[in-house]
There are 2 protein chains.
Amino acid sequence: MNASTLLLERLSALIHQSVRSEAARHGLLPMHLQVLSYLDRANQYSDLPIAIAEYFGVTRGTVSQTLTVLERKGLVARDPDAHDRRRVHLRLTPAARNLLADSWTRRVDETLRDLPVESDPLEQNLRALLTGLQRLNGQQAFGVCHTCDHFLREAHGARCGLTGEPLAEEQTFKLCREWTGTTD
Amino acid sequence: MNASTLLLERLSALIHQSVRSEAARHGLLPMHLQVLSYLDRANQYSDLPIAIAEYFGVTRGTVSQTLTVLERKGLVARDPDAHDRRRVHLRLTPAARNLLADSWTRRVDETLRDLPVESDPLEQNLRALLTGLQRLNGQQAFGVCHTCDHFLREAHGARCGLTGEPLAEEQTFKLCREWTGTTD
DNA sequence: CATTTATAGTATGGAGTCGATACAAATACC
DNA sequence: GGTATTTGTATCGACTCCATACTATAAATG
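Because the structure is predicted, anything quoted here is derived from the model rather than measured.

I keep staring at the layout of surface pockets and nothing clicks. Help me out?
Over the atoms rolls a probe the size of a water molecule, and in doing so it shows where empty space is left. The space that makes up the largest pocket amounts to roughly 600 Å³. If you trace the largest pocket, you find 22 residues lining it, with A:H16, A:P30, A:M31, B:H16 and B:R20 closest to the centre. For the lining of the largest pocket, the secondary-structure elements that each account for two or more residues are α1 (3–25), α2 (30–40) and α4 (60–72) of chain A together with α1 (3–25), α2 (30–40) and α4 (60–72) of chain B. Across the lining of the largest pocket, the residue classes tally to nine nonpolar, eleven polar and two charged. The volume enclosed by the second largest pocket comes to roughly 390 Å³. What lines the second largest pocket is a set of 22 residues, and nearest its centre among them are A:S37, A:S103, A:T105, B:M1 and B:E9. Of all the secondary structure elements, the ones that give two or more residues to the lining of the second largest pocket are α1, α2, α3 (49–56), α5 (94–101) and α6 (104–114) of chain A together with α1 of chain B.

Teacher, can you tell me more about the environment of B:D47 here?
Residues and elements named next belong to chain B. Counting through the fold element by element, D47 comes out in the loop between α2 and α3 (49–56). In this structure, D47 is in contact with L39, A42, V88, H89 and L90, ignoring residues within four places of it in sequence. Separated by 2.7 Å, the side chains of D47 and H89 make a polar contact.

Looking at this structure, how should I read the relation of the copies chain B and chain A?
The relation between the two copies of this chain is a rotation about an axis and a shift parallel to it. Mapping chain B onto chain A calls for a screw motion: a turn of 180 degrees about the axis and a shift of 0.0 Å along it, with 0.0 Å RMSD after fitting. Here the two chains are linked by the operation of a two-fold rotation axis. Of every C-alpha in chain B, the one belonging to B:S12 sits nearest the axis of rotation, 2.6 Å from it. An overlap of 100% is found between the interface residues of chain B and their copies at the interface of chain A, pointing to a shared contact surface.

What exactly am I supposed to notice about the sheet that holds strand β5 (residues 158–160) of chain B here?
Hydrogen bonds between backbone groups are what pair the strands of a sheet, and the pairing can be parallel or antiparallel. Residue and element names in this part refer to chain B. An order of β4-β5-β6 is seen for the three strands of this open sheet, with the pairing classed as antiparallel. What marks the edges here is a single partner per strand, and that holds for β4 (151–153) and β6 (166–167). Pairing of β4 with β5 involves three bridges; the strand directions are antiparallel. Looking at β5, one finds that R153 is bridged to A158.

Thresholds applied
- Here the residue numbers are simple positions, counted from 1 along each chain's written sequence.
- Numbering of ligands from 1 and lettering of chains from A proceed in the order in which they are written.
- Local features are withheld for residues below a pLDDT of 70 in this predicted model, meaning they are given only at 70 or higher, and side-chain atom pairs are given and counted only at 80 or more; totals for whole chains, interfaces and linings count all residues.
- Computation of side-chain values: all heavy atoms of the structure, hydrogens and water removed.
- A pocket, in this scheme, is an open set of points on a 1 Å grid over the protein atoms alone with protein on both sides within 12 Å along at least 5 of 7 lines, while a cavity is a set where a 1.4 Å probe fits but cannot get out; residues line either one if an atom lies within 4 Å of a point.
- Grid points are joined across faces, edges and corners, and a volume is the space filled by probe spheres set on the points.
- Comment: elements are numbered from the N terminus, with helices defined as DSSP H or I runs of at least four residues and strands as E runs of at least two.
- Residue classes follow a fixed rule: Ala, Val, Leu, Ile, Met, Phe, Trp, Tyr, Cys and Pro count as nonpolar, while Asp, Glu, Lys and Arg count as charged, and any other residue, Gly among them, counts as polar.
- Contacts were defined at the residue level, with two residues in contact if any of their heavy atoms lie within 4.5 Å.
- Two N or O atoms count as a polar contact when they lie within 3.5 Å, although within protein this holds only if one can serve as hydrogen donor and the other as acceptor, and sequence-adjacent residues are included solely when both atoms are side-chain atoms.
- When the copies are overlaid, the least-squares fit takes in C-alpha atoms only where the residue has pLDDT of at least 70 in both copies.
- Criterion used throughout: strands pair if DSSP finds at least two bridges between them.

Structure follows, in structure tokens:
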């Protein structure tokens, strides 16, 4: 087996462990924290149960139950979609944002800063790896909005070429389940 | 948040998803497959329930139950330790080895080969990342036996300086929970 | 050597994941 | 307008996971 594949497997186990202990400190399970973190980075087309199911590769039923738990804990709220009455938009409550503030990712940030490697090549490597694995899984790409082929920069703000809708500035930095392109 | 941290989080989610779908194809859960994969790479000091608990950051009770399931499915066997009657060594059955043969890691291997990055820098980056994160978690390092400070190369074979026992050649390429050193 | 302490593993109960299946409601397609 | 598809929910069974308690063995300590 490829040495990097082994490293990736151990890296993944370690990250999952970080998430687990982080979640446990808040009385949550890993999936709870992962969903909250995802919702924090999902744009208006991706803050839906189905998007969470696609992103994590679980069924809609599982997501539905997880969201029931998160809603009961006061971390997530459900809002109906204005145009499609089947859809439900998820929204993080202040409590959830508070909880995410001292995430394990902060410590990872610090770890990355102290690493004896240059950050640019590391980032390029990780990005290539991510793209390759996404292709491998035959899965939705979930790239950042403003790097999408559909993204249109306009005189005042931006627009999504797929939906035709204008995009608020903060949306353009978030993940989108409709993302299409070559380099995220 | 650091760009690489974000990428790491998405990478981890993607890998976990690969493991999940791989496991589902065999009627297993992610943890089942992860434990089997771990046992395939654990040396004689690390094929214990306690080592699995340390590696994945879960309690001994959880591991105990998972192993009960894996044993019932005929994927793992328990052997008593010759010197310490509290200990139980886990052993993969032929069925388990068969199951691991077409692991998702094979497809990751292929993905890595096709990546537009050089493999050496990628490996170095991942290794640095791994070391940093292990330090971050304040966790057992689980390095490869023959890179350990305790490892002694001898005229005929090798020996562990910690236990004083001779090491079979194939053991020296496996993970050890007692590993100590600076570079794995 | 006897007592104490630490270690390795198991048993049990409760909350929650997860897939499978079935279902309801709304939209898309023709 | 009728059918197919999409989105989300409800329910059941197997399993994870933690907390706690417990047994057995080994190590440390006097």
